[in-house]
Number of protein chains: 4
Amino acid sequence: MRETRRAMGEILEHLRIASKKLTKRQVDGFIRTLLAAQRVFVVGAGRSGMVMKAFAMRLMHLDMDVYVVGETITPALRTGDVLVALSGSGETDLIVEAARIAKKVGAKIVAITSYPKSSLARFADSLVILPGRTKVARTTRFMKRELAGEYASLAPLGTLFEVTALVFLDGVIASLMVKLGRKEEELKARHATIE
Amino acid sequence: MRETRRAMGEILEHLRIASKKLTKRQVDGFIRTLLAAQRVFVVGAGRSGMVMKAFAMRLMHLDMDVYVVGETITPALRTGDVLVALSGSGETDLIVEAARIAKKVGAKIVAITSYPKSSLARFADSLVILPGRTKVARTTRFMKRELAGEYASLAPLGTLFEVTALVFLDGVIASLMVKLGRKEEELKARHATIE
Amino acid sequence: MRETRRAMGEILEHLRIASKKLTKRQVDGFIRTLLAAQRVFVVGAGRSGMVMKAFAMRLMHLDMDVYVVGETITPALRTGDVLVALSGSGETDLIVEAARIAKKVGAKIVAITSYPKSSLARFADSLVILPGRTKVARTTRFMKRELAGEYASLAPLGTLFEVTALVFLDGVIASLMVKLGRKEEELKARHATIE
Amino acid sequence: MRETRRAMGEILEHLRIASKKLTKRQVDGFIRTLLAAQRVFVVGAGRSGMVMKAFAMRLMHLDMDVYVVGETITPALRTGDVLVALSGSGETDLIVEAARIAKKVGAKIVAITSYPKSSLARFADSLVILPGRTKVARTTRFMKRELAGEYASLAPLGTLFEVTALVFLDGVIASLMVKLGRKEEELKARHATIE
């Protein structure tokens, strides 16, 4: 229980800082790009892939035309489409390759990553920088009270980036609901009835 | 190698018989139902689920509006939709439950199964009976030359039904291509560029 | 941007409260059950399913024997196994059915839900109650400053429950790392090299 | 119906020829490699990915230690593992990249493809050549009676290769059942109880 709560505290503190660090230019740019897209494609690897699927499901609930790269009925990308790519390091092979292909066919690319100079970021038409552990955790209030080394391991690998991305993207859903004038009941009506 | 080829022979013989047993009424009814659907949803469990995904991918290549139950962006079923459900026994819990829900919302149901009196078949607006091992294998030419018991085990569990369903559904794709006037190049153009 | 940040604020406030409401008995019971399991199976529908996959991936990184219900290589449950089932309402058909089957074969069940009297909770050997919106959001500090109706829609459907579950389960991973003496490098070494 | 049956006929004819063209050296080499593996990983894109999942599920039923690249609990590859990669062209980016990574960590590679000189084939420790349409269909008995152009389109894109791979791999399951002395009841006992 003790470590469970400490890890949750570390994640919460990270989320608080990440939320403050968001820039209006990046967030509004992302939202504008989504609203202008004919179709939205999302891609992520591992746990980042799961975060992107959670986002895609809500875009579907909002009645947007959305596809998950790698799922069965995902068609070929084309001009007018937007690819939203999530990678903490911005160097995940599969994701960088997806961005490269999207570029070639004339689709727009949104990169969500911790690294503004990463391979993925370089492909981006629209960029959202979200902090991962290495960029922020070392300076949190929590961390100062603890041995940084021990604490860091309580949210291992990409955990902080992934949770931050999920919460940020759920925030973007809120903005889209308001901009599109969608009520929760409308989302509910589109929610899969067979799961 | 010996058993590999014998099992392939058993499967081939089963496919040959299954192809002959198809009735024009069932196949044309299925194709008409697909062409009349606003949207097509497919569902299957285990290996039957994989067969349905392979079918759904080709329907997407044909530019039909198709969804796989359980994938991320699959919306709620509604009147005007068609659910294509695949289950050898026709008794797989998840699949029967999906058909029950589809019925309730006013969607049409196509059942593909070996058992015309199964729970799934009873929900069907359109029915396609495909033989599984228990219905056919015991009477194949191959089987007569071998100990039925040993041979049966070379295509274990639902293997014969699943392969038959894949080949049948690829046959249905051919009919849809002709009826919709789609050329292979058009299918290729919709084929996912990022996999 | 404004709604994005407000929604993130609502989620954060919910997470803070949810973390405080955790009881030592429930959390330690869950962790003990995981450590005593021969194999762990996880199940969830929709976005809850994605949260469970994110958890399962970390259990694999910890070298635990874990399976996701519905994925290709998931075997039959048996005595000695633990099924961890996630459902906000505790009434999702598929999940309640999974728990019923698990009970029948003698596996242990951990239910993570907002409703201690739900169908899912009734099957549970170990229970973790996590607040969803209806249970907590109406009383948050944030909510008092806003029109509850408008605000509620900024984290639609199961959003608060799902994010809370992800952060809680990442907290549980921290406890397991300490109890099993696993270092982050060991987790990294098991992280998929092909994604 | 007419095109459905003609397409099924084309597929059957292709399967018959493909079965004859199998060489004992390739098939036995593949089976030996599987039996010697500590763990088996499978990978394929699109419909080939579904064929590999169908194969992986049966390997699990046989109690082999098997993983599907891209699924949740798939760990890092290491020396002693075998990667079975399926690609008709042998040039699918994702699959060639997977083979490259597998090579680097010292895993063995089985390539199943139509092209012995493809990028994928060059990585292979064990190779199985299965004919796809371009290699065989033009010379089938069926084809001679029809306009090749029209007929070819009845099994579009990778259809012939994919179905051939599924039937071949189900044949390999038969060989593994005999070599491992597994009975169908044992497979059934491992079949997922929650789907």
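Just so it is clear, the structure is predicted and the values come from calculations on it, not from any experiment.

## Here we look at the overall build of chain A
Helix and strand counts for chain A come out as 10 helices and five strands. Buried positions account for 65% of the 195 residues belonging to chain A. Across chain A, every contact between residues at least 6 apart in sequence was considered, and the portion connecting residues at least 24 apart equals 73%. When the accessible surface of chain A is split by element, carbon and sulfur atoms take 52% of a total near 7,300 Å².

## Some details on the interface of chain B and chain A
Contacts between the two partners involve 25 residues from chain B and, on the opposite side, 25 residues from chain A. Taking both sides of the interface into account, the surface hidden between chain B and chain A amounts to around 2,200 Å²; carbon and sulfur atoms contribute 70%. Across the chain B-chain A interface, the total number found is six residue pairs in polar contact (both at pLDDT 80 or more). Elements with a contribution of two residues or more to the side of chain B that touches chain A: α3 (46-61), β2 (66-68), α4 (93-104) and α10 (184-190) of chain B. Per-class residue counts for the side of chain B that touches chain A are 17 nonpolar, four polar and four charged.

## Quick look at the interface of chain D and chain B
Listed by partner, the interface residues are 55 residues for chain D and 56 residues for chain B. Between chain D and chain B we count four salt bridges in total. Connecting chain D to chain B are 24 residue pairs in polar contact (both at pLDDT 80 or more). Secondary-structure elements contributing two or more residues to the side of chain D that touches chain B are α1 (2-21), α2 (24-36), α3 (46-61), α9 (159-180) and α10 (184-190) of chain D. For the side of chain D that touches chain B, the element with the most residues is α9 of chain D, which contributes 14 residues. Of the residues that constitute the side of chain D that touches chain B, the class distribution is 28 nonpolar, 12 polar and 15 charged.

## Observations concerning the relation of the copies chain B and chain A
It takes a turn of 180° to lay chain B on chain A, together with a shift of 0.0 Å along the axis; the resulting RMSD is 0.0 Å. Each copy turns onto its partner about a two-fold axis. Among all C-alpha atoms of chain B, that of E71 of chain B lies closest to the rotation axis, at 3.7 Å.

## Examining the side chain of D28 of chain C
By secondary structure assignment, the location of D28 of chain C is in helix α2 (residues 24-36). A polar contact of 3.0 Å, which involves the side chain of D28 of chain C, links it to the backbone nitrogen of M1 of chain A.

## Some remarks on the confidence of the model for chain A
Should pLDDT be low for a region, the predicted coordinates there are not to be read in detail. Residue and element names in this part refer to chain A. Overall, the prediction assigns chain A a mean pLDDT of 91, with 90% of residues at 70 or greater. Under a pLDDT of 50 for its full length, residues 135-151 has, in the predicted model, 29 contacts with residues more than four places off or in other chains. On the interface metric, ipTM, the complex scores 0.92, and its pTM is 0.93.

## Remarks on the sheet that holds strand β5 (residues 126-129) of chain A
All names here are of chain A. Reading across the sheet, the five strands line up as β2-β1-β3-β4-β5 and stay open at both edges, with parallel pairing between neighbours. This sheet does not close on itself; its edge strands, each paired only once, are β2 (66-68) and β5. For this sheet the average axis-to-axis angle between neighbouring strands, irrespective of direction, equals 15°. Both strand β1 (residues 39-44) and β2 contribute to a ladder of three bridges, which runs parallel. Note on β2: the bridge partner recorded for V40 is V66. Across the sheet, helix α4 (residues 93-104) touches β1, β3 (81-86) and β4 (108-113), and the angle it forms with β3 is around 165°. Running at roughly 130° to β4, helix α9 (residues 159-180) makes contact with β3, β4 and β5 of the sheet.

## Quick look at the packing of aromatic side chains
We describe a pair of aromatic rings using the distance from one ring centre to the other and the angle between the two ring planes. Residue and element names in this part refer to chain D. Inspection of the entire model under this criterion finds 12 aromatic pairs over all chains. Judged by centre distance (6.2 Å) and plane angle (45°), the ring pair of F30 and F55 falls under tilted. Taken as a pair, F30 in helix α2 and F55 in helix α3 lie far apart in primary sequence, 25 residues in all. The exposure class of F55 is buried, given its relative accessible area of 1%.

Reading guide: rules and limits
Residues numbered from 1 in each chain as written. Chains lettered and ligands numbered in written order. Predicted model: local features only at pLDDT ≥ 70, side-chain atom pairs only at ≥ 80, totals over all residues. Heavy atoms only, no water. Helix = DSSP H or I, 4+ residues; strand = E, 2+ residues; numbered from the N terminus. Buried < 20%, exposed > 50% of the residue type's maximum accessible area, 1.4 Å probe, protein only. Contact = heavy atoms within 4.5 Å. Areas by Shrake-Rupley, 256 points an atom, 1.4 Å probe, with all protein chains shown as cover. Buried area = accessible area lost by both parts, 1.4 Å probe. Polar contact = N/O pair within 3.5 Å; in protein donor to acceptor, adjacent residues only side chain to side chain. Nonpolar A, V, L, I, M, F, W, Y, C, P; charged D, E, K, R; others polar. Salt bridge = Lys/Arg side-chain N within 4 Å of Asp/Glu carboxyl O. Least-squares fit on C-alpha atoms with pLDDT ≥ 70 in both. pLDDT = per-residue confidence, 0-100. Pairing = 2+ DSSP bridges. Axes fitted to C-alpha atoms, helices over the stretch in contact; angles between N-to-C directions. Phe/Tyr/Trp six-rings, centres within 6.5 Å; stacked < 30°, edge-to-face > 60°.

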